[in-house]
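Single-letter residue listing:
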Amino acid sequence: MYPLKPVMNQNVVCEIPSCMYTLRPVCTFSFDPKAFTDSKTGISGVTVDPMSIEIDNLLQKAENDELRMLAERQQRVLQQLAELKNEILSLRTELKLNAKAPVQSSTALKSKAELKAEPINLSYLQDFVVNASPDYVPYSLLALKNLWKNRLNLHVECFTHSTVPKLSDEALNFQNAITNSGSTASNLPQIKVTLIWKNVGAYTEMITSPTSYVPICGEVNILRYLSRCGPSEFNYEQQDNVDEVDSILDACYLLLNKQNTKQRQQILRTLGSKLGKAAGFGGAELSLCDIAFTSAVKQVQRTVAKDINPNMAKCMGRVATMVGM
């Protein structure tokens, strides 16, 4: 092969610049016995690595800083605990001073006369549509119409959906009763109710806004809604036993919507125990629970007829006499 000329000449001389100061080699500087003194023993001439000394100093400083921060944090925690203790002691003293003060209710319940004197809030009144099945007639609408006849007019119009070929006898009787009930004063506030017979099963639904289809499902829940909109003296939330009323209304809702006969019988027994020997769930006065109970039992009477005790039948007869159900 042909020879190649060397790339680098071996006789090149590197000139060291003289403009910088010179340093001794690190190894010689680090391990010079005469250059250092041991900080622990004080003996000079001991071979010590300065980097190790620097690391030890940094570690010692970090440890001291950490201990100092921990002590400061502990001091702050102790101070906060002392302040909390003083606050608890002051509250304890204040509670002892106020222990004998009478407890007053934040909202005093109004009497029946005061509630009856309150005018109906017209902004709450809104026309609505009710979809109900002919097999589950919403008798509570007829009860409210007759109960409110001196305070609020429920004007009901009935229509039949194309999916319902024929109305049952109960539905026809109810329709005649609610559309031909006694006249009311013309100056009373009015709510227009459009009742449409439709195959919705036991889930009677109420629609207040046709644009946003958000129905209120269940006849009992419709009763709850109307009791808030109607006259104040018939609003069960103005009473002191709201929780008990809600539990009875929930049981009436389950009585309607449970398809199992044994479950319905169990719920009916529960309602019977709540009724006891009283004339009604609200005592001597007709209550929303009496209306919901009577309507629910009439709709499922075919399956629970044997479980209706005499006092339940008496309560239902009382409701039918007072509000024409």
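For every chain, the first residue of its written sequence is number 1, and the numbers climb from 1 along that sequence. The model is predicted, so local features are restricted to residues of pLDDT at least 70 and side-chain atom pairs to those at 80 or more, both for listing and for counting; the totals for chains, interfaces and linings are taken over all residues. The side-chain values count all of the structure's non-hydrogen atoms but skip hydrogen atoms and water molecules.

Trainee: Summarise the sheet that holds strand 4 (residues 205–207); cite the residues concerned and give the values.
Mentor: As summarised here, the arrangement of the five strands in space is 2-3-1-4-5, forming an open sheet in which the pairing is mixed. The sheet terminates laterally at strand 2 (153–160) and strand 5 (216–217), the two strands that pair on one side only. Should DSSP find at least two bridges between two strands, the strands are taken to pair. The numbering of helices and of strands both runs from the N terminus, where a helix is a DSSP run of H or I of at least 4 residues and a strand a run of E of at least 2. Bridge count between strand 4 and strand 5: two bridges; the pairing is antiparallel. Bridged to Glu-205 within strand 5 is Cys-217. The criterion used for residue contact is that any of the two residues' heavy atoms lie within 4.5 Å. Between N-to-C directions, angles cover 0 to 180 degrees, with each direction set by a line fitted to C-alpha atoms, over the stretch in contact for helices. With respect to the sheet, helix 5 (residues 169–179) is in contact with strand 2 and strand 3 (190–197), its orientation differing from that of strand 2 by roughly 145°.

Trainee: Which residues make up helix 5, and what values go with them?
Mentor: Any residue under 20% of the maximum accessible area for its type is buried, any over 50% is exposed, and the rest in between are partly exposed; the area is computed with a 1.4 Å probe on protein chains only. Within the sequence span of helix 5, burial applies to Ala-171, Phe-174, Gln-175 and Ile-178. Viewed end-on, helix 5 has its buried residues packed into an arc of 100°, placing them on one side of the element. Turned more than 90 degrees from where helix 5 packs its buried face, Asp-169 and Asn-173 sit exposed. Along its buried surface, helix 5 packs onto helix 4 (139–147), strand 2 and strand 3. Arc definition: directions from the helix axis to the C-beta atoms.

Trainee: Run through the nonpolar core, naming residues and quoting values.
Mentor: In plain words, nonpolar cores are sets of buried Ala, Val, Leu, Ile, Met, Phe, Trp, Tyr and Cys residues tied together by side-chain atoms within 4.5 Å. Of all hydrophobic cores here, the largest spans 62 residues; its most connected members are Phe-174, Trp-197 and Phe-293. Setting aside residues no more than four positions away along its own chain, Phe-293 makes contact with Cys-252, Leu-268, Leu-271, Phe-281, Met-312, Cys-315 and Met-316.

Trainee: Please set out the packing of helix 6 (residues 219–229) against helix 9 (residues 288–299) residue by residue, giving values where relevant.
Mentor: Relative orientation of the contacting elements helix 6 and helix 9 amounts to 155°, with a least axis distance of 10 Å. Viewed along their axes, helix 6 and helix 9 adopt a mutual orientation that is roughly antiparallel. Here the hand of the crossing between helix 6 and helix 9 comes out right-handed. Contacts between helix 6 and helix 9 involve Glu-219, Leu-223 and Ser-227 on the former and, on the latter, Leu-288, Ile-291, Ala-292, Ser-295 and Gln-299. Here the contact of helix 6 with helix 9 is composed, by residue class, of four nonpolar, three polar and one charged. The cut-offs work like this: below 35 degrees is roughly parallel, past 145 is roughly antiparallel, 65 to 115 is roughly perpendicular, and the gaps in between are oblique. Take the far helix as your reference; a near helix turned counterclockwise from it by less than a right angle gives a left-handed crossing, and one turned clockwise gives a right-handed crossing. Following the grouping adopted for this structure description, the nonpolar residues are Ala, Val, Leu, Ile, Met, Phe, Trp, Tyr, Cys and Pro, the charged ones are Asp, Glu, Lys and Arg, and the polar ones are all others, Gly among them.

Trainee: Break down helix 8 (residues 261–275) for me, with residues and values.
Mentor: For an α-helix, the turn length of 3.6 residues means that residues three or four places apart are oriented alike. Here a helix's expected span is defined as the number of its residues, less one, multiplied by 1.5 Å. Helix length check: helix 8 (15 residues) gives 21 Å between terminal C-alpha atoms against 21 Å at 1.5 Å per residue, within 8%. Those residues of helix 8 not exposed but buried are Arg-264, Ile-267, Leu-268, Leu-271, Gly-272 and Leu-275. Around the axis of helix 8, the buried residues are gathered within 145° of arc, so they sit on the same side. Along helix 8, exposed side chains directed more than 90 degrees from the buried face belong to Lys-262 and Ser-273. In this structure, the buried residues of helix 8 make contact with helix 7 (242–257), helix 9, helix 10 (301–304) and helix 11 (310–323). The term polar contact refers here to a pair of N or O atoms within 3.5 Å; inside protein, the definition further demands a hydrogen-donor-capable atom paired with an acceptor-capable atom, and it admits residues adjacent in sequence only when both atoms are side-chain atoms. With a side-chain oxygen lying 2.8 Å from the backbone nitrogen of Lys-262, the N-terminal cap of helix 8 falls on Asn-260. Among the residues trailing helix 8, Gly-276 stands out with phi positive, at a value near 65°.

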